[in-house]
Amino acid sequence: MDNSTPGMSEKLVEYLDGGLSGGDKQELEKQLAADAVLQQEYQNLLATRAAIKYHGLQQQVAGIHRQVMQKALSPVKPIASLKRKVKYSIAIAASILLLAGTYLVYNFYTLSPDKIFDSNYRAYELSTPRDNNQPETPVEKAYRERDYAALIRSHDAGKDKTPGGEFLCGMAALELKANDKAISYFNKVISANLKASPKVLNDEAEYYLSLAYIRNEDYDYALELLRKIKEDPGHTYREKVTNKLIRQVRMLKWR
Amino acid sequence: MEVNRNLPDTELVSNLRSGQRMDESIKAIYRSYFDSLGWYVMNNSGSRQDAEDVFQEVVVSFIDLVQKNKFRGESTVKTFLFSLNRHTWLNELKRRGRAMAREEKYERGQERVELDTSHLIADREGKAEVARLVGELGETCRKILLLFYYENLSMKEILERMHYETEQVVRNKKYKCLKQLEERLNGNPALKQTLKNLLHG
């Protein structure tokens, strides 16, 4: 068949596009089988269509390639200044909160009555040297020599029942870790001072009594006394009773 | 909303073969394989631009082969792409006249390339020439032919997009454009093998 037949080329393209059916299609397929030139033209059309499809695929991939590479190579956008500040502030605040929380939890679980006692206790010092007219009492002598057991024995033997002697007994009992005894002695000092004027070693007794309560785990008594000391502007130990100390005793109470 | 996920081999190949969700599938290929394949080119005398060009060509070749049923899953998509990438780049180096003194092994992918896909890669120059000839058709012709033969739109749909008067006018235009391209391609005997490869793979 001569493919120069008018309309043959259009018919071949229609066949290529799947537009022929029925008799027309069968007729063209017969012609294709019999006509090498027509067959060649059809092959050319198939190759042309394949080239278009390949070009389409190239274009589609190239479009996505541009998108992907643009995204991959585009510089990281700086965060707006305010946004960045807020972000960093939140991060810092969160870090501080975390650290503070960790610190509080750590303190909460590692805090102990003995630890608080040790960090607030300073042994009382007999500061006033006695002159020859006022000889040192056996209790004072024992305290100075740190013979606490002898001090309490001497006191219990009834040799020094003054507030000063009771106070030193309390201190000796603290040194011996006899909390109940220390509490008892310091309370005697405070009771004796209720009617006394001037008061003798009352502030000292109150402070050391609060420490004795802490170590004895009597936190309510300790807190009551600590608050009283802190609220008293003239109290000798006011400066020693810090908010931290009160907070720690409270924590022990909660735990 | 763009779904940013990697696709299993079977889903990827199925999409590419059917032409469904092509954009998503092509992006998945880029996401999964560009870094390692590009690394190979850049570690074997290539630049970043070479890596991009070769990868783009590899993706086109891979999809073309999948659509011609030349990839039947005998290997993983990754192995197949690595092989295509390697041979495409070796061919390019040979073309440039500086064969590599020593080919470095893949390290990042930890996968030895033993699959030979060199026979599947048609010549780059031929493909480039075909692309040039199609590109030179003129915008209208190129668009009509792509809409009809690549995007598989009907004459009615093309009419709506191209604003011609009737479907018959579109049909006539498309016929003329096709014949014009056919003449251009046939007028270039050097493209015979490339066209044969495009036709049969």
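Here goes a summary of the coordinates provided. (Residues numbered from 1 in each chain as written. Chains lettered and ligands numbered in written order. Predicted model: local features only at pLDDT ≥ 70, side-chain atom pairs only at ≥ 80, totals over all residues. Heavy atoms only, no water.)

1. Looking at helix H9 (residues 179–194) of chain A
Residues and elements named next belong to chain A. Going by this rule: Only DSSP runs of H or I reaching four residues or more are called helices, and only runs of E reaching two or more are called strands; each is numbered from the N terminus. The length a helix should cover is 1.5 Å for every residue beyond the first. Buried residues are those whose accessible area, probed at 1.4 Å on protein chains only, stays under 20% of the maximum for their type, while exposed residues exceed 50% and partly exposed ones sit between those limits. The contact criterion used throughout is that any non-hydrogen atoms of two residues lie within 4.5 Å.
Between the first and last C-alpha of H9 there are 23 Å, a value that for 16 residues agrees with the 22 Å anticipated at 1.5 Å per step. Buried within H9 are the following residues: Asn179, Ala182, Ile183, Tyr185, Phe186, Val189, Ile190 and Asn193. On its buried side, H9 packs onto helix H7 (148–156), helix H8 (163–175) and helix H10 (202–215).

2. Observations regarding the packing of aromatic side chains
What counts here: Any Phe, Tyr or Trp ring, taking Trp's six-membered ring, that has another such ring centre within 6.5 Å forms a pair; planes under 30 degrees apart are called stacked, those over 60 apart edge-to-face, and the others tilted.
One pass over the structure, following the stated rule, counts 18 aromatic pairs over all chains. Aromatic side chains A:Tyr124 and A:Phe167 sit 4.8 Å apart centroid to centroid with 85 degrees between the ring planes, which places their arrangement in the edge-to-face category. Taken together, the positions of A:Tyr124 in the loop between helix H5 (113–120) and helix H6 (138–144) and A:Phe167 in helix H8 put the pair 43 residues apart, joining distant regions of the chain. Residue A:Tyr124 is classed as buried on the basis of its relative accessible area, which comes to 18%. Using a relative accessible area of 0% as the deciding quantity, one classes A:Phe167 as buried. With a centroid separation of 4.8 Å and 65 degrees between ring planes, the pair formed by B:Phe71 and B:Phe80 is classed as edge-to-face.

3. What about the interface of chain A and chain B?
How we decide: A 1.4 Å probe defines the accessible area here, and the buried area is the portion of it lost by two parts on being joined, summed over both. Any carboxyl oxygen of Asp or Glu that lies within 4 Å of a side-chain nitrogen of Lys or Arg is treated as forming a salt bridge with it. Any pair of N or O atoms that falls within 3.5 Å is considered a polar contact. Within protein, one atom must be able to donate a hydrogen and the other to accept it, and sequence-neighbouring residues count only if both atoms are side-chain atoms.
Counting residues at the interface gives 33 residues for chain A, matched by 38 residues for chain B. Of the roughly 3300 Å² buried between chain A and chain B on both sides combined, carbon and sulfur atoms contribute 69%. Where chain A meets chain B, there are two salt bridges. The residue A:Asp17 makes a salt bridge to B:Lys174 at a minimum N-O spacing of 2.1 Å. In this structure, the connection of chain A to chain B is made through 11 residue pairs in polar contact (both at pLDDT 80 or more).

4. Focus on a nonpolar patch on the surface
Rules: Patch membership is restricted to residues that have no salt bridge and whose relative accessible area is over 30%. Joining uses 9 Å for like charges and 5 Å for the nonpolar side chains Val, Leu, Ile, Met, Phe, Trp and Tyr. Values of accessible area rely on a 1.4 Å probe in the Shrake-Rupley scheme; residue burial ignores everything except the protein chains shown.
A contiguous nonpolar patch, built from A:Tyr88, A:Ile92 and A:Ile96 and spanning about 330 Å² of accessible area, is present on the exposed surface. Here A:Ile96 lies in helix H4 (residues 81–110).

5. Focus: H8(A)
Residues and elements named next belong to chain A. For H8, which comprises 13 residues, the first-to-last C-alpha distance of 18 Å matches the rise-based estimate of 18 Å (1.5 Å per residue) to within 8%. Here H8 lies mainly inside the structure; 10 of its 13 residues are buried. Taken together, the buried positions of H8 are Gly165, Glu166, Phe167, Leu168, Cys169, Gly170, Met171, Ala172, Ala173 and Leu174.

6. Details of a positive patch on the surface
All names here are of chain A. Convention followed: Only four residue types enter the tally: Lys and Arg on the positive side, Asp and Glu on the negative side; His and the chain ends are excluded. In plain terms, the charge of a residue is placed at NZ if it is Lys, CZ if Arg, CG if Asp and CD if Glu.
A cluster of basic residues, Arg227, Lys244, Arg247 and Arg250, forms a positive patch on the protein surface. With three residues, the single largest contributor to the positive patch is helix H12 (residues 243–254). With respect to the secondary-structure elements, lysine 244 resides in helix H12. Taking the relative accessible area as the measure of exposure, lysine 244 reaches 46% and is therefore partly exposed.

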